[in-house]
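Okay, here's what each chain looks like letter by letter:
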Amino acid sequence: MTSSSLLLEAHFLHIPNLSPKVRLVNCSDSKKETVLKCGALQSSSTSLCIEPVDHLSELHHHYGATKAKPRMVAFSSDGPITDNKQDANNDILHSLCSYGKLTDACKLVEVMARHNQVPHFPSCTNLVRGLARIDQTDKAMSILKIMVMSGGVPDTITYNMVIGNLCKRGDLQSALVLLEDMSSSGTSPDVITYNTLIRCMFDDGNAEDAIEFWKHQLRSGCPPYMITFTVLVELVCRYCGGARAMEVLEDMAVEGCYPDIVTYNSLVNYNCRRGTLEDVALVIKHIVSHGVELNTVTYNTLLHSLCSRGYWDEVDEIMSIMRETSSCSPTVITYNILINGLCKAGLLSRAIDFYYQMVEQECSPDIVTYNTILGAMSKEGMVSEAIVLLGLLRKKTRWCCSPGLITYNSVIDGLARKGMMEKALELYNQMVEAGVSPDDITRRSLIYGFCRANLVEEASQVLKETSNRGNGIRGSTYRLVIQGLCKKGEMEMAVQVVEIMLTSGCKPDESIYAAIVRGVEEMGMGSEAGELRKKLREWKLLRET
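All values reported here derive from a predicted model rather than from experimental measurement.

> Tell me about the overall build of the protein chain, and name the residues and values.
What the protein chain contains, in helices and strands, is 28 helices and 5 strands. In the protein chain, buried positions account for 47% of the 545 residues. Entry remark: accessible area of the protein chain is about 27700 Å², with carbon and sulfur atoms responsible for 52%.

> Give a detailed account of helix α20 (residues 383–395), specifying residues and quantitative values.
In this model α20 runs 18 Å from its N-terminal to its C-terminal C-alpha over 13 residues, within 8% of the 18 Å that 1.5 Å per residue would give. All of the buried residues along α20 are Val-383, Ala-386, Leu-389, Leu-390 and Leu-393. Angularly, the buried residues of α20 cover 120° about the axis, an arc narrow enough to put them on a single face. Along α20, the residues that are exposed and aim more than 90 degrees away from the buried face are Val-388 and Lys-395. Of the surrounding secondary structure, the elements contacted by the buried residues of α20 are α18 (348–360), α19 (367–379), α21 (405–417) and α22 (421–433).

> Outline the side chain of Asn-371, supporting the account with residue identities and numerical values.
The residue Asn-371 is located in helix α19 in this model. Among the residues examined, Asn-371 registers a relative accessible area of 16% and is labelled buried. Other than its neighbours up to four places away in sequence, Asn-371 contacts Ile-406, Thr-407 and Ser-410.

> Help me get a handle on the nonpolar core, residues and values and all.
If you look at the biggest cluster of nonpolar residues, it comprises 143 residues, and the most contacted ones within it are Leu-127, Trp-214, Leu-232, Met-252, Tyr-478 and Ile-482. Other than its neighbours up to four places away in sequence, Tyr-478 contacts Leu-463, Ser-467, Ile-473, Val-497, Ile-500, Met-501, Ser-504 and Cys-506.

> I'd like to hear about the packing of aromatic side chains, residue by residue, with values.
Here the structure, examined in full by the defined rule, presents 7 aromatic pairs. Each ring, one from Tyr-335 and one from Phe-354, has its centre 6.5 Å from the other, and the planes form 55°; the classification is tilted. With Tyr-335 in helix α17 (residues 332–344) and Phe-354 in helix α18, the pair connects residues that are 19 residues apart, well separated along the chain. The class of Tyr-335 is buried, set by a relative accessible area of 1%. Given the relative accessible area of 5%, Phe-354 is considered buried. Aromatic pair Tyr-355 and Tyr-370: ring centres 5.7 Å apart, planes at 70°, arrangement edge-to-face. Of this pair, Tyr-355 sits in helix α18 while Tyr-370 is found in helix α19, placing the two residues 15 residues apart along the sequence. Each member of the pair, Tyr-355 together with Tyr-370, is buried. Joined through ring pairs, the aromatic side chains of Tyr-194, Phe-213, Trp-214 and Tyr-225 make up one cluster.

> Which residues make up empty space enclosed by the protein, and what values do they have?
By the definition in use, this model includes 2 cavities of 30 Å³ or more. Reported here for the second largest cavity is a volume of approximately 30 Å³. Along the walls of the second largest cavity sit Asp-440, Arg-443, Arg-444, Ile-447, Thr-466, Ile-473, Arg-474 and Thr-477, which together make up its complete lining. The greatest single-element share of the lining of the second largest cavity, amounting to 4 residues, is contributed by helix α23 (residues 440–452). Residues that form the lining of the second largest cavity fall into these classes: 2 nonpolar, 2 polar and 4 charged.

> How would you explain the pattern of salt bridges if you had to name every residue and give the values?
Per the counting criterion, the structure on display carries 14 salt bridges. Residue Asp-316 pairs with Arg-350 through a salt bridge whose shortest N-O separation is 3.1 Å. Here Asp-316 is found in helix α16 (residues 312–324), whereas its partner Arg-350 is found in helix α18, with 34 residues between them in sequence. Take Arg-350: its relative accessible area is 27%, and that puts it in the partly exposed class. One salt bridge connects Arg-444 with Asp-440, and the closest N-O pair in it is separated by 2.3 Å. In this pair, Arg-444 and Asp-440 are both assigned in helix α23, 4 residues apart and thus about one turn of the helix distant.

> Mind laying out the layout of surface pockets, listing which residues take part and the relevant values?
By volume, the second largest pocket is sized at about 240 Å³. Sorting the residues of the lining of the second largest pocket by element identifies α14 (277–289), α15 (296–308) and α16 as the ones contributing at least two each.

What counts and what doesn't
- Residues numbered from 1 in each chain as written.
- Predicted model: local features only at pLDDT ≥ 70, side-chain atom pairs only at ≥ 80, totals over all residues.
- Heavy atoms only, no water.
- Helix = DSSP H or I, 4+ residues; strand = E, 2+ residues; numbered from the N terminus.
- Buried < 20%, exposed > 50% of the residue type's maximum accessible area, 1.4 Å probe, protein only.
- Areas by Shrake-Rupley, 256 points an atom, 1.4 Å probe, with all protein chains shown as cover.
- Expected span 1.5 Å × (residues − 1).
- Arc of directions from axis to C-beta.
- Contact = heavy atoms within 4.5 Å.
- Core = buried A, V, L, I, M, F, W, Y, C linked by side-chain atoms within 4.5 Å.
- Phe/Tyr/Trp six-rings, centres within 6.5 Å; stacked < 30°, edge-to-face > 60°.
- 1 Å grid on protein atoms, 1.4 Å probe; cavity = no way out; pocket = protein on both sides within 12 Å on 5 of 7 lines; lining within 4 Å.
- Points joined across faces, edges and corners; volume = space filled by probe spheres on them.
- Nonpolar A, V, L, I, M, F, W, Y, C, P; charged D, E, K, R; others polar.
- Salt bridge = Lys/Arg side-chain N within 4 Å of Asp/Glu carboxyl O.

Below, the structure is given as structure tokens:
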């Protein structure tokens, strides 16, 4: 081996601050010194030596090693001879991994393997995981192989990380080979292992291969993991259709893998989201024919889909079934799905009927229930009823809960839309007294309400307060206030709002400058308006008309 290759292998250890400590000494002076003999220097009476005696503590301090002091690697002209003991090299390996020196750690493991030294297995595990995290998959596999050949048994998480990387880059064959190696090494694959491989097969368009793969695993003694089975069936449904998914359910039952209600619910949910109600009916038929009982999750999923499509007769039928089934009585989630669907469809009266049914059935409404109803009431202009319902919330009766920010915002917005700004301000103050902090939506509703009620001075005060708090304000909100002030001849205040707008980083558009010019004209200041218009055109803030 040449001197250059020997020096390269010595560099594999990448010991910090090593070169400044190298000096020419007589190697017979101390047995503690490690000799680096090169063929070119053998004829000389003096050898090049690395002196670790006085400076080894610095090495340990740099890497944080706490065990026996590692000695350096010595090389001779006929090939490398590891002078370090195995434990010393493992101390260095541990330190390299601790400091994130992954490349150097890899080189050290390779050097140790060439010299029949067994690397520290926990350090190898950390090294493989670190390499996997930075997508150095080939290096990770190399270290994994050395670890196994040395007698180590990597854990499932480590294997899963490497298999996951292989699947990400589309190398399914290597991932399957690693799965075999995993089993041979004594490590059992888990749900994540199988899920990753199955998803990769579907991504590659190999649906049937994925089905056969899972069958083979079951026949080989793999536990019938229900999560993996559910993932497989849902993917079959997605890529091959509902009918093929039902066939797979039957095939897997022959292999001893039976679906449970979670598997069925996954299929129901997927087909409901796709809107393929024919496949939903197919799944429900399969559930009933196999004697599996539908649960509340199944019914809620169906209700959500039916409500979004306006199938209200079917909704009533399912609600009747749920009331007659003691194990699947409607829950607060069930009622919230119905109330939300009805409110979105503009059927507020029916939504309120379901609210009363909740109370009668002793199913306590939650804040989502109240926010949904109050929001719908406010949009429909039923602000008086909304205030009454909000009052019940604030009294904290048996069936009520404390109102929150969304609750107050909904009612304040409804009052502002109706121009009832006195009540809106009153509710705003109650909100603050209750410890609920207003947000930009609250203040924006007040600003719009004041502008609609021609109370632009009050709107500008709220706008200033919002700006002082550092809250963001839309350009359309500034425009509405400025135009309102200009119409009322409040030019000084309008200019102040423009200044606030500029300091907040919001650039006024042409309509705002045009409104200011018109306001000045309407005040009888024609010449001043003309001069202002001229300046704005020079600054290219206003176009020629």
